[in-house]
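Examination of the molecular architecture
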Amino acid sequence: MSGIYNWMYYIASGGLILIGLYIVLVKTNLIKIVIGLNFIDTGINILLICIGYVRGRTAPIFSRPGISPANVVDPVPQALVLTAIVIGVAVLALALSIVIKVYQHNKTLNVTKIKGLKW
Amino acid sequence: MVNPSLLIAVPLAFAFSIPLFGLVSKKIGKYIPVVALLINVGISFILIPQILKKPAVVSIGGWSPPFCINLVVGPLGVFLVTLISSIGLLVAIYAISYIKEEPTEKYHMLFLLLITGATGIVLTGDIFNLFVFFEILCISSYALVAYNKDKEGTEAAMKYLIQGSVGSSFVLIGIALLYGMFGTLNMADIASRVTSADPTFLFISLAFLITGFGIEAAVFPLNAWLPDAHSSAPSSISAILSGIAIKTGVYGVARMIYTIFNADGILTFIAFLGLLTLLIGEMSAFRQNDIKRLLAYSSIGQIGLIVFALGIATSLGVFAGLFQIVSHALAKALLFLAAGYMIYRVGSKSIDSLSGLGRKMPLTSFAFTIGSFSLIGLPPFAGFISKFSIVYAAIQVKKPIFLVFVVIALIATVIEAGYFFKVVQNLYFKEGKNVDNVTETSGYIIVPMIILVISIIVIGIHPQFITGLLKGAAGELLGRTGYIGWVLGGS
């Protein structure tokens, strides 16, 4: 049991990434595809956090009393995740605004019916 | 010495100042990209001789390299920055009067952000910083593809956005795995310790990174977004996407394979993939009837040729691949700019409607002809030298498989010649319908085209203007211990 317990976060992040990929590949509704992209982003953020996580240690806020480098988790992945969240929000906002335009032009969100450009 | 971080800071600062200048006067906005990129071109030309003598490593924040975000300006970086800012400058001059759809300030701001992203990608020495700049480039190009807000543009941008953000997610997964293995984000630091890690994890991480950058580079199984995005975007953006954006994807792949992972084993596979991309791109281009779509597929083919040359992995092969980057960037930017204005005057994208333009728009047609001849590889244009060196390098490897590759690459070139000659014949030797009112391009539009024509011919006749820089750049890609030495000091 302890094996799964130790790998729990990795399994969760991998699962989220795979669910997101599944949604992007299979679903035909554009909004759902955008949600799938967001699932992938969230999965990666959890992956980054759990790479830097050390069991039993606390957040690296050095202004609090009693915090030393020996009892905090790795702060670098948390900085990376903050950046990745910001980028994810930007992509999400742009994606949704393009979806609105696509809907105005095609009157549908179903990707199998949007065929203006043939391959 | 000029501080190389200005190369990133100048376009970034000017980009966000455009809305502020817009408060003063609506007309200033379109001249700001020209000013910013003029500064960048100046800085990069000043840097070239200094960097060739001694590469510069700029540490940001005052810590020494493995612990800080740093810029590594080697010959490869300065070469690509010079290319990016020169092509960017010419396209910015073209856009002054080409872009009419409001709100134009947003176009110019996003354009400068795209240039910032591309410059950052090629200069940074930190792998997460590479991802951030990559996202700046991607997000601004999604928005620019949809700039006209018409039906094709939004649909193409949606496709590009979905595939592009899956690609950048893959890059981030690869970076996360690398950080988990090495506990560092500095590319030189990772490269120096790459042998100590488990090969399975390394391979997984390399696969994620190559797939991620491969989507931006449009290598064969990942190229579905490119023809739509490049043909539906405004022509100035098609030029910049074809000339610069996909090259940064190739740079990402090359940097990962050569410098960070030192993965010699997959190079033949990469060369094969490049060849497949070349063949698929040229064959699809051959049956297109839409001029911009034809140019977009031809871009896929040329990227295939560049990847193939980088996969040869001798110093001559990498040199030829980098030369092909220059000649393709010049020729394809010229073709998109010329085609963009022909489409603007005629009002249709189909090749048949361009008939007879040779007499009505002689300068633009001449520019288009020079660009297509250079892409095919006819002497005395720049494309001849690069294609010739790729073929020569592939033959020099002396492996039978590469001889087969060369034969296939030459067949693809013949196909390419087939469709470009068809377009040029249409321009000059067919009677045009409905072209009586068409007039020659005027004003700012013609200046970048003339400069591109002159540079294609000058580089074709005197390749020694750039060979010194390109040899240094090829040496940087192949000499990874040198790269590690610049950044970490010692050895």
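**Here we look at the overall build of chain A**
- Along its length, chain A carries three helices and zero strands.
- Reading chain A from its N end, one meets helices and strands in the order α-α-α.
- Against the compact-globule benchmark of 14 Å for 119 residues, chain A has a radius of gyration of 19 Å, which places it well outside the compact range.
- Taking all 119 residues of chain A together, 34% fall into the buried category.
- Long-range pairs, those at least 24 residues apart, make up 51% of the contacts in chain A between residues at least 6 apart in sequence.
- As displayed, chain A offers around 7100 Å² of accessible surface, 69% of which is attributable to carbon and sulfur atoms.

**Digging into the packing of aromatic side chains**
Residue and element names in this part refer to chain B.
- Scanning the model with the defined rule gives 24 aromatic pairs over all chains in all.
- Seen in terms of ring centroids, Tyr 107 and Tyr 147 are 5.4 Å apart; in terms of plane orientation they differ by 65°. Their pairing is edge-to-face. Note that Tyr 107 is positioned in helix α4 (residues 104-123) and Tyr 147 in the loop between α5 (127-145) and α6 (151-182), a separation of 40 residues in sequence.
- Residue Tyr 107 is classed as buried on the basis of its relative accessible area of 1%.
- Residue Tyr 147 is classed as buried on the basis of its relative accessible area of 6%.
- Among the aromatic residues, ring-to-ring pairing joins Tyr 94, Tyr 98, Tyr 341 and Tyr 344 into one connected group.
- The ring of Tyr 147 has Lys 149 lying over it, and the distance from NZ or CZ to the ring centre is 5.9 Å.
- Cation over ring: Lys 422 sits above Phe 286, and NZ or CZ is 5.4 Å from the ring centre.

**Section: the interface of chain A and chain B**
- Across the boundary between the two partners, chain A contributes 36 residues, which contact 38 residues of chain B.
- Where chain A abuts chain B, roughly 3100 Å² becomes buried across the two surfaces, and 80% of that area is made up of carbon and sulfur atoms.
- Applying the counting criterion to the chain A and chain B interface returns zero salt bridges.
- Linking chain A with chain B are two residue pairs in polar contact (both at pLDDT 80 or more).
- Those elements giving two or more residues to the side of chain A that touches chain B turn out to be α1 (2-26), α2 (30-52) and α3 (75-106) of chain A.
- No other element matches α3(A), which puts 16 residues into the side of chain A that touches chain B.
- The residue inventory of the side of chain A that touches chain B, partitioned by class, reads 27 nonpolar, four polar and five charged.

**Topic: the pattern of salt bridges**
Residue and element names in this part refer to chain B.
- Inspection of the entire model under this criterion finds five salt bridges over all chains.
- One salt bridge connects Asp 228 with Lys 159, and the closest N-O pair in it is separated by 2.7 Å. Of the two residues, Asp 228 is situated in helix α9 (residues 226-232) and Lys 159 in helix α6; the sequence distance between them amounts to 69 residues.
- Look at Lys 159 and you get partly exposed, because its relative accessible area is 26%.
- Between Arg 293 and Asp 228 there is a salt bridge, with the nearest N and O atoms lying 2.4 Å from each other. Of this pair, Arg 293 sits in helix α12 (residues 291-312) while Asp 228 is found in helix α9, placing the two residues 65 residues apart along the sequence. Grouping residues by exposure puts Arg 293 and Asp 228 together as buried.
- The structure contains a network of salt bridges with shared partners spanning Lys 159, Asp 228 and Arg 293.

**So, the nonpolar core**
Residue and element names in this part refer to chain B.
- Judged by nonpolar contacts, the single largest core of 207 residues is most densely connected at Ile 87, Ile 127 and Phe 261.
- In terms of residue count, the dominant contributor to this core is helix α13 (residues 315-346) (19 residues).
- Ile 127 has contacts with Ile 175, Leu 178, Leu 185, Met 187, Ile 190, Met 256 and Ile 260, leaving out every residue within four places of it along the chain.

**Structural notes on the packing of α13(B) against helix α16 (residues 382-396) of chain B**
Residue and element names in this part refer to chain B.
- Across the interface, α13 lies against α16 with an axial gap of 8 Å and an inter-helix angle of 160°. Taken together, the axes of α13 and α16 are roughly antiparallel relative to one another. As α13 runs across α16, the sense of the crossing is left-handed. On α16, the residues touching Leu 316, Gly 317, Ala 320, Phe 323, Gln 324 and Ser 327 of α13 are Ala 382, Gly 383, Ile 385, Ser 386, Lys 387, Ser 389, Ile 390, Tyr 392, Ala 393 and Gln 396.
- Taken together, the residues that form the contact of α13 with α16 break down as eight nonpolar, seven polar and one charged.

**Some points on empty space enclosed by the protein**
- With the rule as written, the count across this model stands at three cavities of 30 Å³ or more.
- Roughly 70 Å³ of volume is contained in the largest cavity.
- Forming the walls of the largest cavity are Val34(A), Leu37(A), Asn38(A), Asp41(A), Gly88(A), Val91(A), Leu92(A), Ala95(A), Leu161(B), Ser165(B) and Ser169(B).
- For the lining of the largest cavity, the elements supplying multiple residues, two or more each, are α2 and α3 of chain A together with α6 of chain B.
- Taken together, the residues of the lining of the largest cavity sort by class into six nonpolar, four polar and one charged.

**With respect to the pairing of strand β2 (residues 69-73) of chain B**
All names here are of chain B.
- Within β2, four of the five residues are buried, leaving the element largely enclosed by the surrounding structure.
- Two elements, strand β1 (residues 56-60) and β2, share five bridges in a ladder whose sense is antiparallel. When the sheet's bridge partners are listed, Ser 59 is paired in β2 with Asn 70.

**Details of a nonpolar patch on the surface**
- Taken together, the side chains of Leu20(B), Phe21(B), Leu23(B), Val24(B) and Ile28(B) present a nonpolar region at the surface, about 520 Å² in accessible area.
- Turning to its location among the elements, Ile28(B) is positioned in the loop between α1 (6-24) and α2 (32-53).

**Some remarks on the environment of Thr259(B)**
Residue and element names in this part refer to chain B.
- Relative to the assigned elements, Thr 259 resides in helix α10 (residues 235-261).
- Overall, the relative accessible area of 0% leaves Thr 259 in the buried class.
- The residues touching Thr 259, leaving out its near neighbours within four places in the chain, are Ala 191, Ala 254, Leu 477, Arg 480 and Tyr 483.

**Brief notes about α13(B)**
All names here are of chain B.
- The end-to-end C-alpha separation of α13 is 46 Å, in line with the 46 Å expected for 32 residues at 1.5 Å each.
- Burial within α13 is extensive, with 27 of its 32 residues counted as buried.
- Looking at the residues trailing α13, positive phi occurs at Gly 347, about 85°.

**What about α2(B)?**
Residues and elements named next belong to chain B.
- Across its 22 residues, α2 extends 33 Å between first and last C-alpha, which sits within 8% of the 32 Å expected from 1.5 Å per residue.
- Of all the positions in α2, only Ile 32, Pro 33, Val 34, Ala 36, Leu 37, Asn 40, Val 41, Ile 43, Ser 44, Leu 47, Ile 48 and Ile 51 are classed as buried.
- Residues of α2 that are buried sit in contact with α1, β1, β2, α3 (75-98), α4 and α19 (464-478).

Calculation rules
Residues numbered from 1 in each chain as written. Chains lettered and ligands numbered in written order. Predicted model: local features only at pLDDT ≥ 70, side-chain atom pairs only at ≥ 80, totals over all residues. Heavy atoms only, no water. Helix = DSSP H or I, 4+ residues; strand = E, 2+ residues; numbered from the N terminus. Rg over C-alpha atoms; globule rule 2.2 N^0.38 Å. Buried < 20%, exposed > 50% of the residue type's maximum accessible area, 1.4 Å probe, protein only. Contact = heavy atoms within 4.5 Å. Areas by Shrake-Rupley, 256 points an atom, 1.4 Å probe, with all protein chains shown as cover. Phe/Tyr/Trp six-rings, centres within 6.5 Å; stacked < 30°, edge-to-face > 60°. Lys NZ or Arg CZ within 6 Å of the ring centre and 35° of its normal. Buried area = accessible area lost by both parts, 1.4 Å probe. Salt bridge = Lys/Arg side-chain N within 4 Å of Asp/Glu carboxyl O. Polar contact = N/O pair within 3.5 Å; in protein donor to acceptor, adjacent residues only side chain to side chain. Nonpolar A, V, L, I, M, F, W, Y, C, P; charged D, E, K, R; others polar. Core = buried A, V, L, I, M, F, W, Y, C linked by side-chain atoms within 4.5 Å. Axes fitted to C-alpha atoms, helices over the stretch in contact; angles between N-to-C directions. Parallel < 35°, antiparallel > 145°, perpendicular 65-115°, else oblique. Left-handed = near helix turned anticlockwise from the far one by under 90°. 1 Å grid on protein atoms, 1.4 Å probe; cavity = no way out; pocket = protein on both sides within 12 Å on 5 of 7 lines; lining within 4 Å. Points joined across faces, edges and corners; volume = space filled by probe spheres on them. Pairing = 2+ DSSP bridges. Patch = residues over 30% accessible without salt bridge, like charges linked within 9 Å, V, L, I, M, F, W, Y side chains within 5 Å. Expected span 1.5 Å × (residues − 1).

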